[in-house]
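Chain by chain, the residues:
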Amino acid sequence: MDNLLEIRNLTVKYGNYTALQDANMKIGPTDFIGVIGPNGGGKTTLLKAILGLLKPSSGEVIFSEQLSNLKTGIGYLPQVNKFDSRFPINVIDVVLSGLAGKQSWIKPFNSANKEKAMQLLDDLGIAHIAHKAIGQLSGGQMQRAFLGRALISDPKLIILDEPGTYVDNKFESELYEKLVQLNKTKAILLVSHDVGTIFAHVKSIACVNRELNYHPSNIITPEQLASYNCPIQI
């Protein structure tokens, strides 16, 4: 299997409501796919199905051997507004928690783990707040911490859900520059409402509005969006 994963005829329902129907898509080793679509169209449902957080009603997600361990093969950056900032954990421990799939929480992280976490924090510009409580961070700082968490296990696929939410323009610019570099060796699946920004960086587009229409280019016209039943303005 040359692709990292393949989505085949994936349907996900919430009770009688079909959130995603007969979705098909392949993700290759260096794909950079921007996922767009209206609110409630099924974008987050697609991510949760890939991450194993939702059980499909039918269809399947087939993983290559490189992604056989979901906990380390895929790095996930959630929306910061979905995180409970009252949770008592500091920044470096957030990053180290991305290694939980490789070792037990009972076993303490070793010096090599901590050194790697500090290097990531330094690369992301927040090494100086490594021991600060996560609840005291700004939106941009929190996103940086969770990006470090997503990267520390050296994943083959990085999934980002609205990473530009609640962050400043400087961080957003730095984030996309970082993703372009990471894309040289990793696949990226990026959900965003900021279509103007993602079109400048992604290689292809997945339009999701209960159905998934894959567009193998980052250049798309309003007419094509209409044909994909994707009511997004460019």
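Residues numbered from 1 in each chain as written. Predicted model: local features only at pLDDT ≥ 70, side-chain atom pairs only at ≥ 80, totals over all residues. Heavy atoms only, no water.

Draft legend 1. Structural view of the pattern of salt bridges. Counted under the stated rule, the structure contains three salt bridges. For Lys116, the salt bridge identified is with Asp154, shortest N-O distance 2.7 Å. Pair noted here: Lys116 is in helix H4 (residues 111-123) and Asp154 is in the loop between helix H5 (139-151) and strand S6 (157-161), with a separation of 38 residues, a long-range link. Given a relative accessible area of 46%, Asp154 falls into the partly exposed group. Notably, a salt bridge pairs Glu174 with Arg144, separated by 2.9 Å at the nearest N-O pair. Note that Glu174 is positioned in helix H6 (residues 169-182) and Arg144 in helix H5, a separation of 30 residues in sequence. (Salt bridge = Lys/Arg side-chain N within 4 Å of Asp/Glu carboxyl O. Helix = DSSP H or I, 4+ residues; strand = E, 2+ residues; numbered from the N terminus. Buried < 20%, exposed > 50% of the residue type's maximum accessible area, 1.4 Å probe, protein only.)

Draft legend 2. Here's a closer look at the sheet that holds S6. Taken together, six strands build an open sheet; the order of strands is S5-S6-S7-S3-S8-S9 and the sheet is mixed. Two strands lie at the open edges of the sheet, namely strand S5 (74-77) and strand S9 (211-215), each paired on one side alone. For this sheet, the mean angle separating the axes of adjacent strands, direction not counted, is 15 degrees. The pairing of strand S3 (residues 32-36) with strand S8 (residues 204-209) spans four bridges and is parallel. The residue bridging Ile36 from the neighbouring strand is Cys207, located in S8. (Pairing = 2+ DSSP bridges. Axes fitted to C-alpha atoms, helices over the stretch in contact; angles between N-to-C directions.)

Draft legend 3. View of the packing of H5 against H6. Axis separation between H5 and H6 bottoms out at 11 Å; the angle between their running directions is 15 degrees. Classed by the angle they form, the pair H5 and H6 counts as roughly parallel. For H5 against H6, the interelement crossing comes out right-handed. Within the contact between the two elements, H5 uses Gly140, Gln143, Arg144, Leu147 and Leu151 and H6 uses Phe171, Glu174, Leu175, Lys178 and Leu182. (Parallel < 35°, antiparallel > 145°, perpendicular 65-115°, else oblique. Left-handed = near helix turned anticlockwise from the far one by under 90°. Contact = heavy atoms within 4.5 Å.)

Draft legend 4. Fine view of the side chain of Asn90. Structurally, the position occupied by Asn90 is in the loop between S5 and helix H3 (91-96). According to the relative accessible area criterion, Asn90 is buried, its value standing at 19%. A polar contact of 3.0 Å, which involves the side chain of Asn90, links it to the backbone nitrogen of Asp93. (Polar contact = N/O pair within 3.5 Å; in protein donor to acceptor, adjacent residues only side chain to side chain.)

Draft legend 5. Geometry of the sheet that holds strand S1 (residues 5-14). Ordered by their spatial adjacency, three strands build an open sheet running S2-S1-S4, and the pairing between neighbours is antiparallel. On the outer flanks of this sheet lie strand S2 (17-27) and strand S4 (58-63), each paired with one strand and no other. Ignoring strand direction, the axes of neighbouring strands in this sheet form an average angle of 20 degrees. Its contacts with the sheet place helix H1 (residues 43-50) against S1, S2 and S4, and it is angled at close to 120 degrees to S1.

Draft legend 6. Main features of the pairing of S8. The buried fraction of S8 is high, at six of six residues. Judged from the five bridges that link them, S8 and S9 form a sheet pairing that is antiparallel. When the sheet's bridge partners are listed, Ile205 is paired in S9 with His215.

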